[in-house]
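# Close look at the chain arrangement
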Amino acid sequence: MSQGDRRNPYVILGVPFGAPGEEARAGFARMSRRLRQKPESRYTKEDLTWALHQVEQIIKNPALAFEVYRIPASPSALAAKDGVFHPAPHNIPRQTETSSQEWELLWRDALSVTLRRVLAQLIPQSSDYVPYQ
Amino acid sequence: MVRAAAGLPLTLSQLAHIADLLNLEKGQSESDWLLLLLADHTLAFADGGGPPPTHHQGDHSNIAQIAQAGAKTLPERVVATHLGVPLSVAPEELRQLAVEAPSVLDDLIDAAMISVSGDLEQVPVVLRARIAPSSLSDDALKEMGHEWESYRRAYEAGVALDAPASTPAARHYAALQALRAGDTSRAGDLISDPEGILVSVVSALNTGRIDPRVLSDSTTWDVLDRVIDETHFLPSSDAAGLWHAKQALMRVFEWDWEEAIQAGKQALRHTQEEGIRDEVLSILAFSHFQLGQDEAAIAALERALEGRYGANLQANVGVVAEDMAPDRAAIHLGRLAAEAPSLDLRLAAVRRAFSIWSRSRPVWEDEDQDASIPDDLLGAMRSLVVAHIPLDDHRETMRLLAYFDSEWASDPSNTSSSPHRGTWDHKLYVARAARDPSAYIHALASALSETPDMDWLTGERDDFVASIRGLIFQDIENVAPAAYAYTAIDVGLPMEPFDRVALTCGALISICRSLASDKQEPADAVYGHFKTALAMVDELTPAEREMVNGMVDMAGNSYAASVAVARSAMLDEGFNALNTVGRRLYGVPKHRINWAVLADSLRPLLEMADDSIRALGRARETAQQPEIIEGIDGLAIEFTRLRGFAANPWSAF
């Protein structure tokens, strides 16, 4: 990019760096409308055409296009996290009821296993207390 | 304690005794016991053993972390999640839990306390739909009728959901899509979220009044863009910073650099969150760059890079610094090349960095020994050249290293781990790096004889020939390039007839100029090369012939003149020798002279005259300039006279 040409194709199309062709074309349409409404804009229709050509034909692999300024640099930095308009994936509903009995069994197993191991490892005469370990 | 005793073949009194032994307090719950035991077990072994530790009612959040690490079996790890540490299970453990404790598994899923590590394909589809629905294909979702997730995906993909909908999921997402576009007319179809955010959004759009709670969900900001402004955010909150940052980004996409800078500065005032600040600094840099404020742009980016590494930020410095500070651009791209996560990125970064760095240097024409590549870039190139990269990239990197890191590249052991070490693409540049033209020429000739059709190789040869030719005429008195030219010809370096003729003539002119001052003439081999080149002139196109004609004439004249000068000196020496003999014989009666011995002693003179007459005849064939021809003819006459005296001494004395 020469000093006189600091155009950024993605910014001209109003799309994030690395946007695919489909998104670029949508950006082209959106910015064309904007140009019709504001003819005295910074860029012209020719710039839009240049930008779309760059994105669709020239920049084959954006990750390797080090001549293009990357905006945003970190797409996740400003992206909205999960929320009402960006809902998290839906799990299917559960088919069981909460069971205290299952928890009780797990607690018993866990306690038993832990005690046996701790006793066996820390107290030499543990077999006196846990005869069937 | 009853529960613990039930899991072990112990009586309550035995268990109480054990608790005493382990310093477990009877007043604590069994869950505390378990967690403390797990934690102590871990700590004890981390410390290399030792006596059982003393337990105290402690901070569970710390203990839980240790307990999680100490938990070995699945029951232990499940139970340990009770203190808030999520559980990660392998697919087979998930299946085990689904069979042995399905209700517990559902509890963990609902509490978002469990995740699967490993290959999700090993988890049954129904279980995946329960724990990781995003891992299912669209077809799988459709097959199992999980329409909530199907509609969510359609909504996120921007698929129009305005068709009449019959199910709650379809109606909800159609209404959500409408609401996102600012249309509240279908709000009645929305399934409310637990915090009531959606209801607040609808209210804000209808009334223009905002419930501050709604702003805690940043996904609402774009929807409420026309009704919210900075006054709705708490000053100096991360939310305010994020809002201003998003405003700055929007201004960039509206091509309004000045407003983007204002919004960016506001964002920096409000947030200390590094990720947001780095992004804002990048936006500021871009806007300054567009306004021609290059120093401010670079300063902003370098500030962003002070914290954690960001490949895109690093690449952006390369763009901004390219015009005003190529060295800085190369340094940043060099660092990117050194740290980039993939070979493709590293290669692309190296190419870009090198292109920027070399742009202001005439390195390709003049081997600039003093030019030093930024360390990071050099390091990246060294590591790339031994990596599994495509052969073309390896060759290009070796070529650069041969120029700019010749000492390192010329040592084959430095690149012996390269998978391309056996190729000419590699060996040729090792030879070139050694800065021994003769070795390089031999390598080039060998490579061309084995693989004559490789474009890069013929290009390398053409560059070499053009370079040698240029050097010959750049300093015609310097015979080194001419010597390399003859080395190339001697080893049979394949080249086009035009190049062969031009190179031979140029070298001949240089050699003759050099020898003339010492009154010496070129060796026979040089004449042989010239004759071969002359024969090749017929193979040239008319245009090529026209280009070389002047050069061929000049070479022929140079050769003839060089021979004439050298033989003229020899002629003088010959007559001097004859005169010396004449002086010695002066006054000696002819009948006392042993003519046979005298003829023998003059034989070298005779042979020299013969050789000179032959050499002059050869030289005359190459000469075009009348003065040189005339001079050669005169010399030939004199050598003939000398020959006559040497052959018949009595005619002279």
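Note: the structure precedes this text.
Reference entry: report on the structure contained in this document. (Residues numbered from 1 in each chain as written. Chains lettered and ligands numbered in written order. Predicted model: local features only at pLDDT ≥ 70, side-chain atom pairs only at ≥ 80, totals over all residues. Heavy atoms only, no water.)

## Some thoughts on the overall build of chain B
Worth spelling out the cut-off: Numbered from the N terminus, helices here are DSSP runs of H or I no shorter than four residues, and strands are runs of E no shorter than two. In this scheme, a residue with accessible area under 20% of its type's maximum is buried, one over 50% is exposed, and one in between is partly exposed, where area comes from a 1.4 Å probe on protein chains only. Every residue pair with non-hydrogen atoms within 4.5 Å of one another is taken to be in contact.
Per the secondary structure count, chain B includes 33 helices and two strands. A burial count over chain B gives 49% of its 653 residues as buried. Summarising the internal contacts of chain B: among those between residues at least 6 apart in sequence, 55% fall at separations of at least 24.

## With respect to the overall build of chain A
Let me state the cut-off plainly: Accessible areas in this description were obtained via Shrake-Rupley with a 1.4 Å probe; residue shielding takes into account the shown protein chains only.
Scanning chain A from terminus to terminus reveals five helices and zero strands. For chain A, the α and β elements follow one another from N to C terminus as α-α-α-α-α. Put simply, 49% of the contacts in chain A that link residues at least 6 apart link residues at least 24 apart. By element, 52% of the accessible surface of chain A is carried by carbon and sulfur atoms, the whole surface being about 7100 Å².

## Digging into the side chain of Arg153 of chain B
Residue and element names in this part refer to chain B. The cut-off we apply is this: Here a polar contact means two N or O atoms within 3.5 Å. Within protein one must be a hydrogen donor candidate and the other an acceptor candidate, and residues neighboring in sequence count only if both atoms are side-chain atoms.
Note on placement: Arg153 falls in helix α10 (residues 147-156). By relative accessible area, Arg153 is classed as buried at 18%. A distance of 2.8 Å separates polar atoms of two side chains, one belonging to Arg153 and the other to Asp138. Sequence-distant contacts of Arg153, that is, excluding residues within four places in its chain, are made with Pro133, Ser134, Ser135, Leu136, Ser137, Asp138 and Leu141.

## Digging into the pattern of salt bridges
What counts here: Salt bridge, as applied in this entry: a Lys or Arg side-chain nitrogen positioned within 4 Å of an Asp or Glu carboxyl oxygen.
With the rule as written, the count across this model stands at 35 salt bridges over all chains. Among the salt bridges present, the one from Arg213 of chain B reaches Asp211 of chain B, with a minimum N-O distance of 2.9 Å. Residue Arg213 of chain B is classed as exposed on the basis of its relative accessible area, which comes to 51%. Beyond isolated ion pairs, a larger network of salt bridges with shared partners links Arg94 of chain A together with Asp106, Asp107, Asp110 and Arg130 of chain B.

## Thoughts on the interface of chain B and chain A
In plain terms, the rule: Summed over both partners, the accessible area (1.4 Å probe) lost when two parts come together is defined as the buried area. Ten residues, namely Ala, Val, Leu, Ile, Met, Phe, Trp, Tyr, Cys and Pro, are considered nonpolar, four, namely Asp, Glu, Lys and Arg, are considered charged, and the remaining ones, Gly among them, are considered polar.
With 101 residues of chain B at the contact, the number on the chain A side is 75 residues. Carbon and sulfur atoms supply 68% of the area buried between chain B and chain A, which totals about 8000 Å² over both sides. For the pair chain B and chain A, the number of links is five salt bridges. As a salt-bridge pair, Arg94 of chain A and Asp107 of chain B come within 2.8 Å of each other at their nearest N and O atoms. The interface formed by chain B and chain A includes 38 residue pairs in polar contact (both at pLDDT 80 or more). For the side of chain B that touches chain A, the leading source of residues is helix α15 (residues 274-290) of chain B, giving nine residues. Class assignment of the residues belonging to the side of chain B that touches chain A gives a composition of 57 nonpolar, 20 polar and 24 charged.

## Description of the packing of aromatic side chains
Residues and elements named next belong to chain B. To keep things clear, this is the line we draw: Only centres within 6.5 Å qualify two rings of Phe, Tyr or Trp (six-membered ring in Trp) as a pair; their planes then separate them into stacked at under 30 degrees, edge-to-face at over 60, and tilted for everything else.
Scanning the entire structure with this criterion turns up 14 aromatic pairs over all chains. With a centroid separation of 5.0 Å and 80° between ring planes, the pair formed by Trp221 and Phe233 is classed as edge-to-face. A residue pair is termed long-range when its members are at least 10 positions apart, and Trp221 in the loop between α12 (197-207) and α13 (238-253) and Phe233 in the loop between α12 and α13 qualify at 12 residues. Accessibility expressed as a relative area gives 3% for Trp221, which makes it buried. Look at Trp257 and Phe286: their rings are 5.6 Å apart centre to centre, the planes differ by 85°, and that puts the pair in the edge-to-face class. Of this pair, Trp257 sits in helix α14 (residues 257-270) while Phe286 is found in helix α15, placing the two residues 29 residues apart along the sequence. Residue classification places Phe286 among the buried positions, given a relative accessible area of 1%.

## As for the packing of α15 of chain B against helix α16 (residues 294-304) of chain B
Residues and elements named next belong to chain B. Note the threshold: To get an axis, a line is fitted to the C-alpha atoms, and for a helix only the part in contact is used. The angle between two axes follows their N-to-C directions and goes from 0 to 180 degrees. When describing relative orientation, an angle under 35 degrees is termed roughly parallel and one over 145 degrees roughly antiparallel, while 65 to 115 degrees is termed roughly perpendicular and anything else oblique. The hand of a helix crossing depends on one turn: near helix anticlockwise from the far one by less than a right angle means left-handed, and clockwise means right-handed.
Their axes nearest at 8 Å, the elements α15 and α16 cross at an angle of 165°. As the angle between them shows, α15 and α16 are arranged roughly antiparallel. Seen along the crossing, α15 lies across α16 with a hand that is left-handed. On the side of α15, the interface is formed by Arg277, Asp278, Leu281, Ser282, Ala285, His288 and Phe289, while α16 contributes Asp294, Ala296, Ala297, Ala300, Leu301, Arg303 and Ala304. Considering only residue class, the contact of α15 with α16 consists of eight nonpolar, two polar and four charged.

## What about helix α6 (residues 91-100) of chain B?
Residues and elements named next belong to chain B. Our working definition: Note that the arc is computed from the directions linking the helix axis to the C-beta atoms.
For α6, the complete set of buried residues consists of Pro91, Glu93, Leu94 and Leu97. An end-on view of α6 places all buried positions within 160° of arc, on one side of the element. Away from the buried face of α6 by more than 90 degrees, exposed residues Val99 and Glu100 are located.

## So, α15 of chain B
Note: α-helices contain 3.6 residues per turn, so residues at a spacing of three or four share the same orientation. Let me state the cut-off plainly: Here a helix's expected span is defined as the number of its residues, less one, multiplied by 1.5 Å.
The end-to-end C-alpha distance of α15 of chain B is 24 Å, a good match for the 24 Å that 17 residues give at a rise of 1.5 Å each. Positive backbone phi, approximately 80°, marks Gly292 of chain B, located one or two places after α15 of chain B.

## Brief notes about the environment of Asn414 of chain B
All names here are of chain B. Tracing the backbone shows Asn414 in the loop between α22 (406-409) and α23 (424-433). Counting along the chain gives 28 residues from Asn414 to Val386, while the straight-line C-alpha distance between them is 8.6 Å. With residues up to four places along the chain from it excluded, the contact list for Asn414 reads Val386 and Trp408.

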